[in-house]
Amino acid sequence: MEREIRRLIGWLERRGVGFAEGLSDGEVRRIERRFGFVFPPELRCLLQRAMPVSPWFVDWRTESEEEIRGRLEWPVEGALFDVRNGEFWYRPWGPKPPTVAERVAQAEARLRELPPLVPVYSHRYMPSVPGEAGNPVFSIHQTDVVYYGNDLWSYLCREFGAGRFRSGFCRAEPRRIDFWSDLAEDSERVEW
């Protein structure tokens, strides 16, 4: 994977992405402890080799804790907005409560049970679970969720240029992730 990461960084640099020194093991552990998630393996590998610092990437060293927490909360807060202001309901949560306050309380409790999503770039996120390589990257705006890459590699290719970075790590299909995949796939489990 290390060789692939080096190639990927060079490819991204040619497309204008700036990088800083990679995160140390200690920095990664502190970030994961402070924010309550574990980086997906390939994202951790990239961030430890060279950390993207161009606009819209998370600068894990210099962004304030408040800014990072806001980015971590974005997907849950967006879904709650749609519960509060729209007709969104996720059927596996059970029958839709009669009042908005009850719907929001139940939705928030369920959303807080989901494993955290890790911000990659702008409103693009990777699930932290399962803790193995190959999780998809989602583009998330409220409950408008789209697979933006079957994995980190295909996502970066899509976001930063036409053509395809050749990697043996690209997944043919996205891995299913509870809740978020249902939104991305417009599942019958979602009520509008």
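From a predicted model like this one, the values you see are computed outputs, not experimental measurements.

Colleague: Please provide a residue-by-residue account of the overall build of the protein chain, values included.
Modeller: In terms of regular secondary structure, the protein chain is built from seven helices and eight strands. A compact globule built from 192 residues would reach a C-alpha radius of gyration of about 16 Å, and the protein chain, at 17 Å, matches this within 12%. Projected onto the principal axes, the alpha-carbon positions of the protein chain cover approximately 55 × 35 × 25 Å. Out of the 192 residues belonging to the protein chain, those deemed buried represent 51%. A sequence separation of at least 24 residues applies to 60% of the contacts in the protein chain between residues at least 6 apart. A total accessible area of about 9,600 Å² is found for the protein chain, and carbon and sulfur atoms account for 49% of it. A distance of 5 Å separates the average location of the 28 positive side-chain charges in the protein chain from that of its 31 negative side-chain charges.

Colleague: Explain helix H1 (residues 2-13) to me, and be specific about the residues and the numbers.
Modeller: Here H1 is twelve residues long and its end C-alpha atoms lie 17 Å apart, about the 16 Å a rise of 1.5 Å per residue gives. For H1, the set of buried residues is Glu4, Ile5, Leu8, Ile9, Gly10, Trp11 and Leu12. Check the buried side of H1 and you find it contacts strand E1 (19-21), helix H3 (41-49), strand E2 (50-52) and helix H6 (152-160).

Colleague: Tell me what's going on with the pairing of strand E4 (residues 117-121), and back it up with residues and numbers.
Modeller: Across the five residues that make up E4, a large majority, five, are buried. Alignment of E4 against strand E5 (residues 124-127), held across four bridges, turns out to be antiparallel. Pairing of Leu117 across the sheet is with Pro127, part of E5. Connecting E4 to the next strand, E5, in antiparallel fashion are two residues, including Ser122 with a positive phi near 50°.

Colleague: Before we move on, can you summarise the pattern of salt bridges with the specific residues and values?
Modeller: Following the criterion strictly, the structure yields 16 salt bridges and no others. Salt-bridge contacts for Glu63 lead to Arg71; the nearest nitrogen and oxygen are separated by 3.5 Å. Comparing Glu63 with Arg71 shows no difference in burial state: the two are buried. The shortest N-O distance in the salt bridge between Arg112 and Glu73 comes to 2.6 Å. Taken together, the positions of Arg112 in helix H5 (residues 100-113) and Glu73 in helix H4 (residues 65-85) put the pair 39 residues apart, joining distant regions of the chain. Judged by relative accessible area, Glu73 falls into the partly exposed class, the value being 31%. Taken together, the salt bridges that share partners define one network made up of Glu73, Glu77, Glu108 and Arg112.

Colleague: Report on empty space enclosed by the protein, specifying residues and quantitative values.
Modeller: The full count for this structure, using the stated rule, is one cavity of 30 Å³ or more. Lining of the largest cavity is provided by Leu12, Leu43, Leu46, Leu47, Pro52, Phe57, Val58, Trp60, Pro119, Val120, Leu152 and Leu156. It is H3 that contributes the most residues to the lining of the largest cavity, three residues altogether. Its residues assigned to classes, the lining of the largest cavity shows twelve nonpolar, no polar and no charged.

Colleague: Explain the side chain of Arg71 to me, using residue names and the numbers behind them.
Modeller: Following the sequence through the fold, Arg71 ends up in helix H4. The exposure class of Arg71 is buried, given its relative accessible area of 16%. Look past the residues within four positions of Arg71 in its chain and what remains in contact with it is Trp56, Phe57, Val58, Glu63, Pro119, Tyr121, Ser122 and Tyr125.

Colleague: Report on the side chain of Asp182, specifying residues and quantitative values.
Modeller: Examined against the element boundaries, Asp182 turns out to sit in helix H7 (residues 180-184). Non-local contacts of Asp182, meaning those with residues more than four positions away in its chain, are made with Tyr90, Arg176, Ile177, Ser187, Arg189 and Val190.

Colleague: Residue-level account of the layout of surface pockets, with values.
Modeller: Remark: the empty space left among the atoms is shown by a probe the size of a water molecule rolled over them. Within this model, the largest pocket holds a volume of roughly 280 Å³. Along its surface, the largest pocket is lined by 14 residues, and Leu72, Glu73, Val76, Arg112 and Pro116 are the ones closest to its centre. Contributions of two or more residues to the lining of the largest pocket are made by H4 and H5. Examining the composition of the lining of the largest pocket, we find that five residues originate from one element, H4, more than from any other.

Criteria and cut-off values
- Residues numbered from 1 in each chain as written.
- Predicted model: local features only at pLDDT ≥ 70, side-chain atom pairs only at ≥ 80, totals over all residues.
- Heavy atoms only, no water.
- Helix = DSSP H or I, 4+ residues; strand = E, 2+ residues; numbered from the N terminus.
- Rg over C-alpha atoms; globule rule 2.2 N^0.38 Å.
- Buried < 20%, exposed > 50% of the residue type's maximum accessible area, 1.4 Å probe, protein only.
- Contact = heavy atoms within 4.5 Å.
- Areas by Shrake-Rupley, 256 points an atom, 1.4 Å probe, with all protein chains shown as cover.
- Lys, Arg positive; Asp, Glu negative; His and termini not counted.
- Charge placed at Lys NZ, Arg CZ, Asp CG, Glu CD.
- Expected span 1.5 Å × (residues − 1).
- Pairing = 2+ DSSP bridges.
- Salt bridge = Lys/Arg side-chain N within 4 Å of Asp/Glu carboxyl O.
- 1 Å grid on protein atoms, 1.4 Å probe; cavity = no way out; pocket = protein on both sides within 12 Å on 5 of 7 lines; lining within 4 Å.
- Points joined across faces, edges and corners; volume = space filled by probe spheres on them.
- Nonpolar A, V, L, I, M, F, W, Y, C, P; charged D, E, K, R; others polar.

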